[in-house]
Amino acid sequence: MHNLKFFSGENVPLEMHKVRMVQKINLLPIEKRLQSISEAGFNTFLLKNLDIFLDMLTDSGVNAMSEMQYAAMLQADDSYAGSETYYRLEKVLADIFGMKYFLPAHQGRACEHIFSQVMVKPGTHALTNYHFTTTKAHIARMGGIVEEIILDEAFNIQSSHPFKGDIDINKLNEAIKKHGKDKICFVRIEAGTNLIGGQPVSMKNMREVSRICRKENIKLIFDASLLTDNLYFNKIREPEFKDTDIKNITREIGSLMDMIYFSSRKLGAARGGGILTSDEDLFIKMRELVPLFEGFLTYGGMSVREMEAMAVGLQESLDMDVISQTPIFVEALCNELVERGIPVVTPPGGLGCHLDAKQFCDHLPQTDYPSGALATAIFIASGIRGMERGTISEARNDDGSEHLANMELVRLAFPKRVFTLSQVKYVVDRVTWLYKHRSLIGGLEFVEEPKVLRFFLGRLKPKGDWPQNLVKQFRKDFGDSL
Ligand code: F0G
């Protein structure tokens, strides 16, 4: 029961599982951490896992799996075509979403590759609550234009709006009027809207967007990668779902959408992905691309073991004791930081705690990449790896100028059911120390800048020797401690 999350009225998240397998992690001395991030081009994506203490880069492909998931992996049916594993997974997905067809793909962006090829024509507009990096890159690759039609409130960092991921219905109607429905390749709703801080979308909003899309004959796509967090918030923030089975919610979502796709590195706590639809025409067009880019139709580039784990993980995603774990830990971390006056995105969402680097480093201009600088500083101060989600994660404009992000965030993600409360307290402790010394944090600049998705492989350098000064301050305050 999710309402057991706090005990004795205290703000303490309660783990509804026990740990039966562990992985040792290392906390290197701060000088080694500085060396490690220097070798990684001051880009946390390029760090080596061995050098990291708490890996809060992402929840993608690093969630704890249940004993039932591991058990299911043993029954995987390894055949190139017609594997029983595929049919088991197909059945689970049909039961959860009520959609007719399932196409497997090796991960979320592979789904985006497939549907963008089929649906995006050059010059058409993809309307979305908010883009995700890989989604935008695939739409742009096909000549499409991503247009965000999210509520203005989404950009209000400190807010009390329960569903900041909602589409602004006025913006949707205006965009349809402006472009004409034939120039709109699809509308996309992203569950648990990633880049604005893991903020959910209400069912009320999904219903209204679906009604408009059906009336206008525009396809509606749902990115379900972060669905479990979204479901948790539907349950606790929309009174009509308080006593509803989660499957009723997923079924209703299925009935509102023309297509659902997901990264199973997130949804289902495994690795892989897939596309669901009841639209036969779309299905047939997309189906042709699966053997070409992914693998045969009954595995789509995935290992059958992962598919078995996914099938069980998806079923476990209907259990509030399972899906509450990330949001209650995110909430606990955010609350502790807010109490200390540290700027984070509120209300706490799913996925992770999002620090506002614009306020944290208000002495740095956006062109100095405050989110990248803060992610670097956090790693040096603590061995915690977060992810830059700001201007570095954006692509440059066509004329080469910098596209300044709407928000400069550093995400401290919670892989599902991986970290303990004392580790969360360590995060609070080190981030609080860094906040006290935030004036020491300086800017970054690129030394190697890839053209596409530069945040993954780009290499940067600090402007000045601020990382060394941070180390000196740390030694002054912490002595010999790690
Ligand atoms: N859609 C959303 C909302 C995502 O968060 C992701 C991945 C994808 C699509 C792409 O899926 O990685 O399996 O290809 N998000 C990861 C993250 C990478 O760290 O947030 P993928």
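Residues numbered from 1 in each chain as written. Predicted model: local features only at pLDDT ≥ 70, side-chain atom pairs only at ≥ 80, totals over all residues. Heavy atoms only, no water.

Participant: Account for the state of the cysteines, with residues named and values stated.
Facilitator: Taken as a whole and judged by the stated rule, the model has zero disulfides. Free of any disulfide, Cys334 has its nearest neighbouring cysteine sulfur in Cys353, separated by 3.5 Å. No disulfide involves Cys361; its sulfur sits 14 Å from the nearest other cysteine sulfur, which is in Cys353. (Disulfide = S-S within 2.5 Å.)

Participant: Describe the nonpolar core, listing the residues and the values that go with them.
Facilitator: Core analysis: the biggest nonpolar cluster contains 114 residues, and Phe222, Ile253, Met257, Leu355, Leu374, Leu434 and Ile441 have the highest contact counts within it. Each of domain 1 (3–59 + 322–478) and domain 2 (67–318) gives at least three residues to this core. Excluding residues that lie within four positions of it along the chain, Leu355 makes contacts with Leu337, Ile342, Pro343, Val344, Leu374, Ile378, Glu408, Leu409, Val410, Leu412 and Val431. Core analysis: the second largest hydrophobic core is formed by 23 residues, Ala110, Ile114, Tyr261 and Phe283 among them. (Core = buried A, V, L, I, M, F, W, Y, C linked by side-chain atoms within 4.5 Å. Buried < 20%, exposed > 50% of the residue type's maximum accessible area, 1.4 Å probe, protein only. Domains from an automatic or database assignment. Contact = heavy atoms within 4.5 Å.)

Participant: A description of the sheet that holds strand E5 (residues 184–190) should follow, citing residues and the corresponding values.
Facilitator: The seven strands lie next to each other as E2-E8-E7-E6-E5-E3-E4, forming an open sheet whose pairing is mixed. Two strands lie at the open edges of the sheet, namely strand E2 (101–105) and strand E4 (145–148), each paired on one side alone. Sheet twist, expressed as the average angle between the axes of neighbouring strands with direction ignored, equals 20 degrees. Pairing analysis gives three bridges linking strand E6 (residues 220–223) to strand E7 (residues 259–263), with the strands arranged parallel. Along E7, the bridge assignment pairs Phe222 with Ile260. (Pairing = 2+ DSSP bridges. Helix = DSSP H or I, 4+ residues; strand = E, 2+ residues; numbered from the N terminus. Axes fitted to C-alpha atoms, helices over the stretch in contact; angles between N-to-C directions.)

Participant: Can you tell me about the packing of helix H8 (residues 227–237) against helix H14 (residues 325–339), naming the residues and giving the values?
Facilitator: Remark: H8 packs on H14, axes separated minimally by 8 Å, with the N-to-C direction vectors making an angle of 80 degrees. As the angle between them shows, H8 and H14 are arranged roughly perpendicular. Contacts from Asp229, Tyr232 and Phe233 of H8 reach H14 at Thr326, Pro327 and Ile328. For the contact of H8 with H14, the per-class residue count stands at four nonpolar, one polar and one charged. (Parallel < 35°, antiparallel > 145°, perpendicular 65-115°, else oblique. Nonpolar A, V, L, I, M, F, W, Y, C, P; charged D, E, K, R; others polar.)

Participant: Give a detailed account of empty space enclosed by the protein, specifying residues and quantitative values.
Facilitator: Within the structure shown, the criterion is met by six cavities of 30 Å³ or more. Computed from the structure, the largest cavity encloses a volume of approximately 170 Å³. Together, 17 residues line the largest cavity, and Ala269, Ser317, Val322, Lys416 and Arg417 are the ones closest to its centre. Counting residues per element, the ones that place at least two in the lining of the largest cavity are H8, helix H12 (304–316), helix H13 (320–323) and H14. Top contributing element to the lining of the largest cavity by residue count: H14, with three residues. Of the residues belonging to the lining of the largest cavity, the class tally is five nonpolar, seven polar and five charged. Looking at the lining of the largest cavity, you find at least three residues from each of domain 1 (3–59 + 322–478) and domain 2 (67–318). (1 Å grid on protein atoms, 1.4 Å probe; cavity = no way out; pocket = protein on both sides within 12 Å on 5 of 7 lines; lining within 4 Å. Points joined across faces, edges and corners; volume = space filled by probe spheres on them.)

Participant: Explain the side chain of Asn205 to me, using residue names and the numbers behind them.
Facilitator: Along the chain, the position of Asn205 falls in helix H7 (residues 203–216). Asn205 gets classed as buried once you look at its relative accessible area, which sits at 6%. Within the local environment of Asn205, its side chain forms a polar contact with the backbone nitrogen of Ile167, the two atoms lying 2.8 Å apart. In contact with Asn205, not counting residues within four places along its chain, are Asp166, Ile167 and Ile169. (Polar contact = N/O pair within 3.5 Å; in protein donor to acceptor, adjacent residues only side chain to side chain.)

Participant: Tell me about the pairing of E6, residues and numbers included.
Facilitator: For a regular strand, side-chain orientation follows a simple rule: the groups alternate between the two sheet faces. Across the two faces of E6 the burial is the same, with Leu220 and Phe222 and Ile221 and Asp223 all buried. Pairing analysis gives four bridges linking E5 to E6, with the strands arranged parallel. If you follow Arg188 over to E6, its bridge partner there is Ile221. Since E5 and E6 lie parallel, the crossover through H7 that links them has a hand, and here it is right-handed. (Right-handed = clockwise from strand over helix to strand, strands pointing away.)

Participant: I'd like a description of the site of the ligand, backed by residues and values.
Facilitator: The ligand sits among 16 residues. The nearest are Thr58, Arg109, Asp223, Ser263 and Arg411. Contacts to the ligand include Gly108, whose backbone N or O atom sits 2.8 Å from an oxygen atom. The separation between a nitrogen atom of the ligand and a polar side-chain atom of Asp223 is 2.6 Å. Across the shell around the ligand, the residue classes break down as two nonpolar, seven polar and seven charged. (Near = heavy atom within 4 Å.)

Participant: Which residues make up the layout of surface pockets, and what values go with them?
Facilitator: As a volume, the second largest pocket reaches approximately 780 Å³. Lining of the second largest pocket is provided by 27 residues; of these, Ala140, Ala395, Arg396, Lys451 and Val452 occupy positions nearest its centre. Those elements that provide at least two residues to the lining of the second largest pocket are helix H5 (133–141), E4 and helix H18 (454–457). Per-element tally for the lining of the second largest pocket: the top contributor is H5, with seven residues. For the lining of the second largest pocket, the class distribution of residues is ten nonpolar, eight polar and nine charged.

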